[in-house]
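Architecture at a glance
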Amino acid sequence: MPFAVRMKKQPIVAPKGTFDILPQDFPYWDRLEEAIKKVAASYGFKRIETPIIEHTDLFVRGVGNFTDIVGKEMYSFKTKGDDELSLRPEGTAPVIRAYIQNGMDNMPRPVKLFYVGPMFRHENPQAGRFREFHQFGIEAIGSSNPVLDAQAIKMFFSLMEELKLKNKFFVKVNSIGDRTCRPKYISALKSYYKSQQGKLCPDCRKKIATNPLRIFDCKNEKCTRVSLQAPNILDYLCDECNAHFKQVLDYLDELGVTYLLDTKLARGLDYYTKTVFEFYPEANSAEGGKTNALGGGGRYDYLVELLGGKPVPALGMAIGLERIIGLMKQEKVKLAMPKEERVFLIQLGDMARKKSLGIFEELRKNKIMVEEAFSKDSIKAQLKTAAKNGANIALILGQKEAIDDNIIVRDMQSGIQETIPLHKLLGELKKRFKEQAA
Ligand code: HAM
């Protein structure tokens with residue numbers, strides 16, 4: 001078969017690791033976005049959106065060249081104008097770029113920003129892991145106060161409460177130190193892993209020199225066993241990092257947050273300093289850490305400076321929306337009820353259809369939710385659609401009504417209908433909605 005003919009017949013599917021969000025899924029996405037906006041606003045965060053494409057260098061510098069995200073998973077390309085761009089794999093570096101570029105460092109601190117949008121990572125797709133996924137993220141820039149670390153963690157729990165998820169959640173926390181204490185820890189870690197390198201996988205062996213903290217993330221059983229005996233970061237923290245971490249834990253106690261101290265938690269991005277954390281559902285914790293994190297974050301006190309801004313400490317976190325939607329579906333959470341007042345406009349014949357277009361626009365402008373099936377001709381088919389869509393009221397415009405400037409208003413439940421002059425339609429509908437609401 002010629003190639004062109006064969007190609008025509010093959011349906012094109014979405015790229016691996018990507019998916020469509022279908023109309024039946026949108027109630028979940030809408031509910032989640034509504035909860036996100038409410039919780040973010042209640043903690044004083046303002047929305048920001050950055051471009052989906054950024055200069056590749058932003059992530060090389062910000063997230064780190066030796067991380068999996070930048071080293072292996074970025075969708076990078078050269079444009080016709082020779083720019084090296086990448087689809088954003090995460091939101092923190094772009095938000096900090098925007099903060100610097102837009103002079104937000106003159107705003108009262110901390111500058112609190114949140115975002116919701118798609119991210120792209122060329123990972124191996126599996127349950128809960130996609131190549132295009134969505135994150136809700138927050139970034140609080142310009143404060144080193146540990147109360148912010150605790151509040152960012154608390155926000156995750158507040159969002160879960162707002163969604164009325166019954167599952168219990170917990171957060172893993174750790175501190176990975178700062179410029180003062182981390183170098184000493186890293187060199188102790190290097191010495192330890194060097195002494196054990198025969199037991200490590202080839203990938204981890206390479207990481208000893210470049211980024212030994214990343215060895216903690218390796219899922220290889222042998223590497224995990226070696227990591228168990230590795231030096232403990234908490235023994236190396238300087239006084240400032242130690243005091244900061246203690247305060248964070250104090251605040252978490254105060255806020256009643258369930259946390260688990262995990263001294264092997266390092267996170268997969270290089271910009272972190274001091275506090276790091278990841279969120280998990282309790283129900284699956286018995287699987288022994290195989291569960292995907294629902295979200296994660298931490299402090300990144302040097303990133304603003306690293307990206308060319310005035311040095312200020314900062315902190316943030318991001319939550320994977322697909323993973324939350326998965327839980328919402330599992331738990332069948334209550335979604336927002338569809339609007340009670342549902343009107344369906346039925347037309348019969350050419351003249352009525354033409355006139356219906358104007359009526360539809362008039363109702364829509366007056367904020368009345370009206371549905372139609374202009375492409376259908378028979379009254380039976382249109383009434384069937386109206387019933388299927390859960391309409392309370394059907395408006396019927398036949399040839400006769402169109403000529404007489406009238407319209408039939410039918411109560412879908414009782415089947416009772418009356419003919420009224422068209423100019424009284426808006427008033428009649430408003431009256432009926434008021435009666436329904438009472
Ligand atoms: P991250 O841990 O790489 O952190 O991603 C945060 C969350 O995004 C994950 O916990 C997970 O829920 C979701 N996620 C990540 N990759 C995938 C994937 N391939 N498929 C589905 N969901 C995924 C960050 O991105 C940091 N920017 C967070 C942050 C903000 N730190 C400070 N501020």
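Attention in this report is confined to the structure presented alongside it.

Cut-offs and rules
All residue numbers refer to positions counted from 1 along the written sequence of the respective chain. Given that the model is predicted, a residue must reach a pLDDT of at least 70 before its local features are reported, and side-chain atom pairs must reach 80 or more before they are shown or counted; all residues, however, enter totals for whole chains, interfaces and linings. Note that water and hydrogens are dropped before the side-chain values are worked out from all heavy atoms of the structure. We call a residue near a molecule or strand as soon as one heavy atom of that residue lies within 4 Å of the molecule or strand. The term polar contact refers here to a pair of N or O atoms within 3.5 Å; inside protein, the definition further demands a hydrogen-donor-capable atom paired with an acceptor-capable atom, and it admits residues adjacent in sequence only when both atoms are side-chain atoms. Strands here are runs of E lasting at least two residues and helices are runs of H or I lasting at least four, both read from the DSSP assignment and numbered beginning at the N terminus. Charged residues are taken to be Asp, Glu, Lys and Arg, nonpolar residues to be Ala, Val, Leu, Ile, Met, Phe, Trp, Tyr, Cys and Pro, and polar residues to be all remaining types, Gly included. The rule for pairing is simple: two strands pair if DSSP sees at least two bridges between them. Here, residues are in contact when the closest pair of their heavy atoms is within 4.5 Å. Structural elements are reduced to axes, namely lines fitted to C-alpha atoms, with helices fitted over the stretch in contact, and the angle between N-to-C directions of any two is expressed from 0 to 180 degrees. Note on exposure labels: buried denotes an accessible area under 20% of the residue type's maximum, exposed denotes more than 50%, and partly exposed covers the range between, all computed with a 1.4 Å probe on protein chains only. To be clear, the arc concerns the directions from the helix axis to the C-beta atoms. Any Lys or Arg side-chain nitrogen found within 4 Å of a carboxyl oxygen on Asp or Glu counts as a salt bridge.

1. Observations regarding the site of the ligand
Around the ligand, the surrounding shell holds 26 residues, and the nearest of these are E90, E123, F130, E139 and Y272. Within the side chain of R267, an N or O atom sits 2.8 Å from an oxygen atom of the ligand. A distance of 2.6 Å separates a nitrogen atom of the ligand from a polar atom in the side chain of Y272. The greatest single-element share of the shell around the ligand, amounting to 4 residues, is contributed by strand β11 (residues 314-320). Here the shell around the ligand is composed, by residue class, of 11 nonpolar, 8 polar and 7 charged.

2. Regarding the sheet that holds β11
Across the sheet, 8 strands lie side by side as β1-β5-β6-β11-β10-β9-β7-β8; this open sheet has mixed pairing. A single partner strand is all that each edge strand has here, and the edge strands are β1 (46-47) and β8 (259-261). Its contacts with the sheet place helix α2 (residues 26-42) against β1, β5 (111-120) and β6 (132-141), and it is angled at close to 160 degrees to β5.

3. Focus: helix α9 (residues 221-228)
Buried within α9 are the following residues: C223, V226 and S227. In a view along the axis of α9, the buried residues occupy a sector of 100 degrees, so they form one face of it. Exposed residues lying more than 90 degrees from the buried face of α9 are E221, K222, R225 and L228. For α9, the elements touching its buried residues are α7 (182-195) and α8 (202-210). The backbone nitrogen of K222 has a side-chain oxygen 2.9 Å away, supplied by the residue at the start of α9, namely N220.

4. Overview of helix α12 (residues 321-330)
Side chains that are three or four residues apart share a direction in an α-helix, a result of its 3.6 residues per turn. L321, E322, I324, I325, L327 and M328 are the residues of α12 that are buried. Elements that come into contact with the buried residues of α12 comprise α2, β5, β6, α6 (146-162), β7 (169-175) and β11. With its phi angle positive at about 50 degrees, K332 sits one or two positions after the end of α12.

5. Here's the deal with the pattern of salt bridges
Scanning all chains against the criterion turns up 33 salt bridges. In this structure, the salt-bridge partner of D405 is K355, at a minimum N-O distance of 2.3 Å. Taken together, the positions of D405 in the loop between α15 (399-404) and β15 (406-411) and K355 in helix α13 (residues 350-365) put the pair 50 residues apart, joining distant regions of the chain. Overall, D405 belongs to the partly exposed group, its relative accessible area being 42%. The structure contains a network of salt bridges with shared partners spanning D149, E240, K274, R299 and D301.

Nothing here speaks to function; it is all geometry.
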